[in-house]
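# Observations on the model geometry
Chain by chain, the residues run as shown.
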Amino acid sequence: MPSEQEIFEHLKGVLVELFEIDAAKITPQAHLYQDLDIDSIDAIDLMLKLKDYTGTKMQPEEFKNVRTVGDVVDAVRNLVSS
Amino acid sequence: MNPPSLVVAAPRSRVDHLWRLLGTGLSFACFGIGAVLISLTLFPLIRLLSWNKARCRSRIQRAMHLTFRLFVWMMSRLGVISWEVQGRERLLQPGQLIVANHPTLIDVVLIIALMPEVDCIVKQALFRNPFLRWPVVWAGYIPNRDSGALIEDCARALRAGRSLLVFPEGTRTVPGQALALKRGAAQIALAAQCQVRPVGVSCRPLMLTKHEPWYRIPPRPGHWRLDVGEAIAAADFCGAPGGHAVAARRLTQELAARFAPYAQACSWV
């Protein structure tokens, strides 16, 4: 099972690749919508991309409460461990 | 010693202010009352006479266009506003995504007054309004439901050869703040692979802006300028490394660059 740090690093790579976000801005506290300029369509793309990583589909409800990069890491960890 | 002309000018400008204040109030009243009356008479009549859905949509949109033209003519005649348009004929090509910056309340009225037929996105709340719900359904206007479905609805209209009007800011510009475009319009254009037609809108002196009540009118009638620009092909933005999320960002940046001079030209004086 990947560690929290590994998940974070993977997510960082995905955010840079999909959305060309400046890697320096990506911290666990960074807010997806306010700090990283991700919108609802991007969030769907991100969920699809993370499905390749977790192997299971993330439910939209699980993503609803996600606000920060750290929240995404937690959501991915829950999926991988369950 | 005061020159006499100044003595005369002061009361005249007060009369002018009062006239435009009344004219603006009258315009608002006419718009509201007119919308209800037409929704109860002309639009149902058109619906009764046009059972074919596409024909009904086309006729209702044309009726909206004509009533908006009448409304703009009335506001101009009252001396409340004035306006000019460059490149109007460019709006008439079918199947293009019309995008405009949105400094004032009546931008949509002016653009529809220029286009005999155009699809629009309207607030979902309007589909629950007892007077307006049927006209917006008959006009084939698209409700702003959840983003994925909305983009697909819009792309479908464009692929069918209809033009669609979108304000990428999502709401009116906040005066004095930098333009903030959402990427939904770009997403629609990329999904439909259509031509994007930018319309730069400026208003000077500004009136009918966001957070400003209708009765706060400028010292002179507001003058609107609408410039219909060169089209942008959505296809030119595809194939960017990083996929369509990056393409949407690039296209949105291009739109922001096109709109910037018009947003800057808006001023209170």
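Residues numbered from 1 in each chain as written. Chains lettered and ligands numbered in written order. Predicted model: local features only at pLDDT ≥ 70, side-chain atom pairs only at ≥ 80, totals over all residues.

### A few points about the overall build of chain A
- A tally of helices and strands in chain A yields four helices and zero strands.
- Of the regular secondary structure in chain A, the N- to C-terminal order runs α-α-α-α.
- On C-alpha atoms alone, chain A measures out to a radius of gyration of 11 Å, which is about the 12 Å that the 2.2 N^0.38 rule sets for 82 residues.
- In terms of overall dimensions, chain A has a C-alpha envelope of 30 × 25 × 20 Å along the principal axes.
- For chain A, restricting intrachain contacts to residue pairs at least 6 apart in sequence, the fraction spanning at least 24 positions comes to 58%. (Helix = DSSP H or I, 4+ residues; strand = E, 2+ residues; numbered from the N terminus. Rg over C-alpha atoms; globule rule 2.2 N^0.38 Å. Contact = placed C-beta atoms within 7 Å.)

### Quick notes on the overall build of chain B
- If you tally the helices and strands in chain B, you get eight helices and eight strands.
- In terms of overall dimensions, chain B is globule-like: its C-alpha atoms have a radius of gyration of 20 Å, near the 18 Å expected for 269 residues.
- Seen through its C-alpha atoms, chain B measures out along the principal axes to roughly 75 × 50 × 30 Å.
- Partitioning the contacts of chain B with sequence separation of at least 6, the portion at a separation of at least 24 is 75%.

### Here's the deal with the interface of chain A and chain B
- With ten residues of chain A at the contact, the number on the chain B side is ten residues.
- When residues of the side of chain A that touches chain B are traced back to their parent elements, those giving at least two are α1 (4-19) and α2 (40-54) of chain A.
- When residues in the side of chain A that touches chain B are grouped by element, the largest group, five residues, is from α2(A).
- Considering only residue class, the side of chain A that touches chain B consists of four nonpolar, one polar and five charged. (Nonpolar A, V, L, I, M, F, W, Y, C, P; charged D, E, K, R; others polar.)

### Notes on the confidence of the model for chain B
All names here are of chain B.
- Predicted confidence across chain B gives a mean pLDDT of 93, with 95% of residues reaching 70 or more.
- Note that pLDDT drops below 50 for residues 1-9; the model gives that stretch one contact with residues more than four away or on any other chain.
- Listed scores for the predicted complex are pTM 0.91 and ipTM 0.88. (pLDDT = per-residue confidence, 0-100.)

### Remarks on the pairing of strand β6 (residues 195-204) of chain B
Residues and elements named next belong to chain B.
- Taken across its ten residues, β6 has eight buried, putting it largely inside the fold.
- Note that strand β2 (residues 96-100) and β6 share five bridges and pair parallel. Within β6, the residue paired with glutamine 96 across the bridge is glutamine 195.
- Across two bridges, the pairing between β6 and strand β8 (residues 232-233) is antiparallel. (Buried ≥ 20, exposed ≤ 12 C-beta atoms within 10 Å, placed from the backbone. Pairing = 2+ DSSP bridges.)

### Here we look at the nonpolar core
Residue and element names in this part refer to chain B.
- By size, the foremost hydrophobic cluster in this structure holds 82 residues, and its most contacted members are Leu97, Ile98, Leu164, Val166, Ala189 and Leu251.
- Looking at this core element by element, the count peaks at eight residues for helix α8 (residues 244-265).
- Dropping the residues within four chain positions of it, alanine 189 is found in contact with Leu97, Cys194, Val196, Ala234 and Leu251. (Core = buried A, V, L, I, M, F, W, Y, C linked by C-beta atoms within 7 Å.)

### Quick notes on the pairing of β2(B)
All names here are of chain B.
- With respect to burial, β2 is a largely interior element, five of its five residues being buried.
- Across the two faces of β2 the burial is the same, with Gln96, Ile98 and Ala100 and Leu97 and Val99 all buried.
- Where β2 and strand β5 (residues 164-166) come together, three bridges link them in parallel fashion. Along β5, the bridge assignment pairs valine 99 with valine 166.

### Examining the packing of α1(A) against α2(A)
Residue and element names in this part refer to chain A.
- Two elements in contact, α1 and α2, have axes whose closest approach is 11 Å; the angle formed by their N-to-C orientations is 130°. By the angle class used here, α1 and α2 are oblique. Where α1 crosses over α2, the handedness of that crossing is right-handed. In this structure, α1 contributes His10, Val14, Leu18 and Phe19 to the contact, and α2 contributes Asp42, Asp45, Leu46, Lys49, Leu50 and Tyr53. (Axes fitted to C-alpha atoms, helices over the stretch in contact; angles between N-to-C directions. Parallel < 35°, antiparallel > 145°, perpendicular 65-115°, else oblique. Left-handed = near helix turned anticlockwise from the far one by under 90°.)

### Regarding the confidence of the model for chain A
- Across chain A, the average pLDDT comes to 91, with 99% of residues at or above 70.
- No element of chain A has a lower mean pLDDT than helix α3 (residues 60-64) of chain A, at 78, and none a higher one than α1(A), at 95.

### A short note on α2(A)
- Between its first and last C-alpha atoms α2(A) spans 21 Å; for 15 residues at 1.5 Å apiece the expected length is 21 Å, and the two agree.
- All buried positions along α2(A) are accounted for by A:Ile41, A:Asp42, A:Leu46 and A:Leu50.
- Elements that come into contact with the buried residues of α2(A) comprise α1 and α4 (69-81) of chain A together with α6 (147-159), α7 (184-192) and α8 of chain B.
- Just beyond α2(A), the residue with positive phi is A:Gly55, at close to 85°. (Expected span 1.5 Å × (residues − 1).)

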